[in-house]
Amino acid sequence: MPEPAATTRPLAHPETAEIRLEGVLHALSDPVRLSIVRELAAATEELACSFFVLPVTKSTTTHHFRVLREAGVVRQTYRGTTKLNDLRRADLESLFPGLLDTVLTAAGAEAARLTGAGA
């Protein structure tokens, strides 16, 4: 069965040149948003919002995705009624070389440290 086409409901995304470091850092500073970005970075394809199991309400989840999108960290597209999310890795790397990988490495190290602390 063919994949549903993207709908015409456009979502506002900043152009690459409009992405600002302070907006990206703000978006990545929240633990919930950082967990979303970590999952997207590990994924091999776009992920639906419903894929993520987050410790917040649906409306708060929507807010977190909007912050990530408006900061230029993720790109969201509709396929049918599903909103898919993809990390804007190439855009972020071109603007801020090494930033995303450094943040993801640090977040992974922190997660391992915190998990190990409870053992």
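Residues numbered from 1 in each chain as written. Predicted model: local features only at pLDDT ≥ 70, side-chain atom pairs only at ≥ 80, totals over all residues. Heavy atoms only, no water.

1. Brief notes about the nonpolar core
Then, number 1: In terms of nonpolar packing, the biggest core is built from 24 residues, with Ile36, Val37 and Val73 touching the most fellow members.
Then, number 2: When contributions to this core are tallied by element, the ones reaching two or more residues are α1 (21-28), α2 (31-42), α3 (58-71) and α5 (99-117).
Then, number 3: Considering every element that reaches this core, the biggest residue donor is α2, with five residues.
Then, number 4: If near-sequence neighbours (up to four positions away) are discounted, Val73 is found in contact with Val24, Ala27, Leu28, Val37, Leu68, Asp86, Leu87, Arg88 and Leu92. (Core = buried A, V, L, I, M, F, W, Y, C linked by side-chain atoms within 4.5 Å. Buried < 20%, exposed > 50% of the residue type's maximum accessible area, 1.4 Å probe, protein only. Helix = DSSP H or I, 4+ residues; strand = E, 2+ residues; numbered from the N terminus. Contact = heavy atoms within 4.5 Å.)

2. Digging into the packing of α1 against α3
Then, number 1: Direction vectors running N to C along α1 and α3 enclose 160°, while the axes themselves pass 9 Å from each other. Looking at the two axes, α1 sits roughly antiparallel to α3. Relative to α3, the crossing made by α1 is left-handed. Between α1 and α3, the residues in contact are Gly23, Val24, His26 and Ala27 and Val67, Leu68 and Ala71, respectively. (Axes fitted to C-alpha atoms, helices over the stretch in contact; angles between N-to-C directions. Parallel < 35°, antiparallel > 145°, perpendicular 65-115°, else oblique. Left-handed = near helix turned anticlockwise from the far one by under 90°.)

3. Focus on the confidence of the model for the chain
Then, number 1: Per-chain confidence: the chain averages 91 in pLDDT, with 91% of residues scoring 70 or above.
Then, number 2: Mean pLDDT values over the elements of the chain span from 92, in α5, up to 98, in α1. (pLDDT = per-residue confidence, 0-100.)

4. Description of the sheet that holds strand β2 (residues 74-79)
Then, number 1: Read across the open sheet, the three strands follow the order β1-β3-β2; overall the sheet is antiparallel. In this open sheet, the two strands that pair with only one neighbour each are β1 (47-48) and β2.
Then, number 2: Where β2 lies against strand β3 (residues 82-87), six bridges are found, and the strand directions are antiparallel. If you follow Val74 over to β3, its bridge partner there is Leu87.
Then, number 3: Running at roughly 80° to β3, α2 makes contact with β1, β2 and β3 of the sheet.
Then, number 4: Lying on the sheet, α3 is in contact with β2 and β3; it crosses β2 at an angle near 115°. (Pairing = 2+ DSSP bridges.)

5. Quick word on the side chain of Arg33
Then, number 1: Looking at the secondary structure, you find Arg33 in helix α2.
Then, number 2: Asp30 provides the closest opposite charge to the buried, salt-bridge-free Arg33, at an N-O distance of 4.4 Å.
Then, number 3: A polar atom in the side chain of Arg33 sits 3.1 Å from the side chain of His64.
Then, number 4: With residues up to four places along the chain from it excluded, the contact list for Arg33 reads His26, Ala27, His63, His64, Val67 and Leu68. (Lys, Arg positive; Asp, Glu negative; His and termini not counted. Salt bridge = Lys/Arg side-chain N within 4 Å of Asp/Glu carboxyl O. Polar contact = N/O pair within 3.5 Å; in protein donor to acceptor, adjacent residues only side chain to side chain.)

6. What about the pairing of β3?
Then, number 1: Alignment of β1 against β3, held across two bridges, turns out to be antiparallel. Counted as the bridge partner of Ala48 is Leu84 from β3.
Then, number 2: Counted along the chain from β2 to the antiparallel partner β3, the turn is two residues long, and its residue Gly80 has a positive phi close to 65°.

7. Comments concerning the packing of α2 against α3
Then, number 1: Their axes nearest at 10 Å, the elements α2 and α3 cross at an angle of 70°. In terms of axis orientation, α2 runs roughly perpendicular to α3. Viewed along their axes, α2 and α3 form a crossing whose handedness is right-handed. Contacts between α2 and α3 involve Val32, Arg33, Ile36 and Val37 from the first element and His63, His64, Phe65, Val67 and Leu68 from the second.
Then, number 2: Among the residues forming the contact of α2 with α3, the class breakdown is six nonpolar, two polar and one charged. (Nonpolar A, V, L, I, M, F, W, Y, C, P; charged D, E, K, R; others polar.)

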